[in-house]
Amino acid sequence: MPDYDFSQVDAAIIDGQLNTGRVFRDVLIRMGFRRVELFDSVKNAAGLLQAGIPDLVLVDADGEDSETFRFIRALRNDPGVPNPFACVIVTTWAPTPALLTRVTNAGGDDLLMKPVSPKQVRDRIVSLIEARKGFVVTADYAGPDRRKSPREGAQVPVLDAPNTLRLKATGQWTQSGARMLLNEAIAAVVTQKRLRASIQVAFLVEFALPGLARPVPDRMAVDHVGRIGGFLDDLLRRLGEDGDHAPVEAVARAIKTLADRIRNAADGSPVSAGDREQLSALSRALMQAVDPDRPLEAMTREVSAAVAGYRSRLEQIAQAKAAAAASALATQADPSAVSSTAAAPPPSAESAAASGLPAG
């Protein structure tokens, strides 16, 4: 294992159990970390988001876990955070698959179970230096790539985000060089956020249109229209001074006004064909305004493919629920079916793979 130098690395530990936090701090100090700040709550650590995120954050998920994940999402997504690429390890006494999913979806790098040995802490930190995942940016996520297998296509590029922990531990750190890398990467994230937000709006519109065309608008369609405003708000707050964004702003505000009107009116009356057509046209215009160099046809195909995949997943979920309901009714009618069902062996990894089900 390389002999990394942590004398320039800054860390923060957020843990409501101060004794546990002190253990982590002692481990990092013995490893040679320059500065290790200890906070007893996410609330008291909130200033890090403006004052300067350290290179490594260890944050506990057992106390105010909702605050923990809100903090991680703010670190990764809020404009103005000095280093949204800081390494984040979430700690817990009770790891579960559900908690791991929440860590992953918030943008955390790793989940570490307590109690820990100094070697475990060092091994996780070394892994972040040597094999940290690239970052991906979507309309509602920024953080380490969540996929275990390689991504197909190039619709969502993987960003080689600056890793200040690695730069400092390997002696490659300079203040000016790191700032340049961070500024370039942050600009790339902003560009991707704008693009993904515009595509997400187009996705919501295309999915909702058939349901809005019904005499009584479909509730799911109306709910999807209701989500448009949040993505537009995020897009609008990312329109900085790096170009003329007046066309983007004008189209985004027009969509928001129309979507609000449709959502408010759809509860009591059908949506007019004119409003549906205008909503569709504006969503395409937004994609074109955000990314004028990419053919609109290519973006439209991407949106249509995503909508088709989403509808397919919803259909599969509906079929699974119907099958479960039918099975429950059959069991009530014939109690002996319980024993025969229970006796059936679970699918093997091979049969799961053959049927398209996840193994394990």
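The paragraphs below set out a description of the structure included in this document. Keep in mind the model is a prediction, meaning the values are calculated, not measured. Position numbers for residues count from 1 along each chain, tracking the sequence in the order it is written. pLDDT decides what is reported in this predicted model: residues at 70 or higher carry local features, side-chain atom pairs at 80 or more are listed and counted, and totals for whole chains, interfaces and linings draw on all residues regardless. To obtain the side-chain values, all non-hydrogen atoms of the structure were included, while hydrogens and water were left out.

Section: the pairing of strand 3 (residues 56–60)
Then, in step 1: Only protein chains enter the accessibility calculation, which uses a 1.4 Å probe; a residue whose area is less than 20% of its type maximum is buried, one above 50% is exposed, and one in between is partly exposed. Counting from the N terminus, the helices are DSSP H or I runs at least four residues long and the strands are E runs at least two residues long. Taking burial as the measure, the five residues of strand 3 include five buried ones, the bulk of the element.
Then, in step 2: Of the two faces of strand 3, the one holding L56, L58 and D60 and the one holding V57 and V59 are both buried throughout.
Then, in step 3: Here, strands pair whenever DSSP counts at least two bridges between them. Bridge analysis of strand 1 (residues 10–14) against strand 3 gives four bridges, and the strand direction is parallel. Note on strand 3: the bridge partner recorded for A12 is V57.
Then, in step 4: By the bridge criterion, five bridges tie strand 3 to strand 4 (residues 87–92) in an arrangement that is parallel. The partner of V57 across the bridge, within strand 4, is V88.

Some details on the environment of V9
Then, in step 1: For V9, the location among the structural elements is in the segment before strand 1.
Then, in step 2: Accessibility expressed as a relative area gives 0% for V9, which makes it buried.
Then, in step 3: Spatially, the C-alpha atoms of V9 and A169 are 6.9 Å apart, while their sequence positions differ by 160 residues.
Then, in step 4: Here, two residues are considered to be in contact whenever any of their heavy atoms come within 4.5 Å of each other. Those residues in contact with V9, other than ones at most four positions away along the chain, are F33, R34, R35, D55, L165, K168 and A169.

Details of the sheet that holds strand 3
Then, in step 1: On the basis of which strands lie adjacent, the open sheet formed by five strands has the order 2-1-3-4-5 and parallel pairing. Taken across any chain shown, the strands that pair with only one partner, and hence form the sheet edges, are strand 2 (35–39) and strand 5 (110–113). For this sheet, the mean inter-axis angle between neighbouring strands, taken without regard to orientation, is 20°.
Then, in step 2: With four bridges connecting them, strand 4 and strand 5 associate as parallel partners. Within strand 5, the residue paired with T92 across the bridge is M113.
Then, in step 3: The angle between two axes is taken between their N-to-C directions and runs from 0 to 180 degrees, where each axis is a line fitted to C-alpha atoms and a helix contributes only its stretch in contact. In the packing of helix 5 (residues 97–106) onto the sheet, contacts are made with strand 4 and strand 5, and the angle to strand 5 comes to roughly 140°.

Brief notes about the packing of aromatic side chains
Then, in step 1: Two rings from Phe, Tyr or Trp (for Trp, the six-membered ring) form a pair when their centres are within 6.5 Å of each other. A pair whose planes differ by under 30 degrees is stacked, one over 60 is edge-to-face, and the rest are tilted. The full count for this structure, using the stated rule, is five aromatic pairs.
Then, in step 2: Arranged with centres 5.5 Å apart and planes meeting at 70°, the rings of F85 and F135 form a pair that is edge-to-face. With F85 in the loop between helix 4 (65–77) and strand 4 and F135 in strand 6 (residues 135–138), this residue pair connects regions lying 50 residues apart in the sequence.
Then, in step 3: We classify F85 as buried; its relative accessible area is 2%.
Then, in step 4: With a centroid separation of 5.0 Å and an interplanar angle of 55°, the aromatic rings of F207 and Y310 are classed as tilted. Here F207 is found in helix 8 (residues 175–212), whereas its partner Y310 is found in helix 12 (residues 296–333), with 103 residues between them in sequence.
Then, in step 5: Here a set of aromatic residues connected by ring pairs shows up, and it is made of Y4, F6 and F33.
Then, in step 6: Consider the ring centre and the ring normal. A charge sits over the ring if Lys NZ or Arg CZ is within 6 Å of that centre and within 35 degrees of that normal. Its end group placed over the ring of Y141, R146 keeps NZ or CZ at 3.7 Å from the ring centre.
Then, in step 7: In this structure, K168 packs its charged tip against the face of W173, placed 4.5 Å from the ring centre.

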